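Take a look at the letters that make up each chain.
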Amino acid sequence: TCTNDCEDAACGDGFTGPGEECDDANTVDTDSCTNACTIAECGDGTFNALAGEQCDTGGESVTCDADCTTASCGDGT
């Protein structure tokens, strides 16, 4: 795929190319589009407050539940 300026499309150029879910052309890894050009989602290991995550450790951990809420005593997990 080629951009408007005839450069090869790549993650971070602002054009969603083959193999990319999104491309927001920034280096902010905590917004809706990660630096790997994937849509941020719970369980991907990247904390995203805009998606309603309280935490994201890529799965169940001592501090974070698998549903991306902060682990606490009595939460059932």
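Everything discussed here concerns the structure shown above.
Residues numbered from 1 in each chain as written. Predicted model: local features only at pLDDT ≥ 70, side-chain atom pairs only at ≥ 80, totals over all residues. Heavy atoms only, no water.

(A) The overall build of the protein chain, seen in detail. From N to C terminus, the protein chain includes zero helices and zero strands. For 77 residues, the compact-globule estimate of 2.2 N^0.38 gives 11 Å, and the protein chain exceeds it by more than 25% at 16 Å. Burial analysis of the protein chain (77 residues in total) assigns 23% to the buried set. (Helix = DSSP H or I, 4+ residues; strand = E, 2+ residues; numbered from the N terminus. Rg over C-alpha atoms; globule rule 2.2 N^0.38 Å. Buried < 20%, exposed > 50% of the residue type's maximum accessible area, 1.4 Å probe, protein only.)

(B) Looking closely at the state of the cysteines. Tallied over the full model, the rule gives four disulfides. Each disulfide pairs two cysteine sulfurs, and for Cys 11 the partner residue is Cys 37, the sulfurs being separated by 2.0 Å. Between Cys 11 and Cys 37, the disulfide has an S-S torsion of 100° and is therefore right-handed. Residue classification places Cys 37 among the buried residues on the basis of a relative accessible area of 3%. Between the sulfur atoms of Cys 42 and its disulfide mate Cys 68 the distance is 2.1 Å. Torsion about the S-S bond of the Cys 42 and Cys 68 cystine: about 105°, corresponding to right-handed handedness. Looking at Cys 42, the relative accessible area reads 38%, which means it is partly exposed. Ordering the disulfide-forming cysteines of the protein chain by sequence position, one finds them joined as 1-4, 2-3, 5-8, 6-7. Between Cys 73, a free cysteine, and Cys 55, which holds the nearest cysteine sulfur, the sulfur-to-sulfur gap is 16 Å. (Disulfide = S-S within 2.5 Å.)

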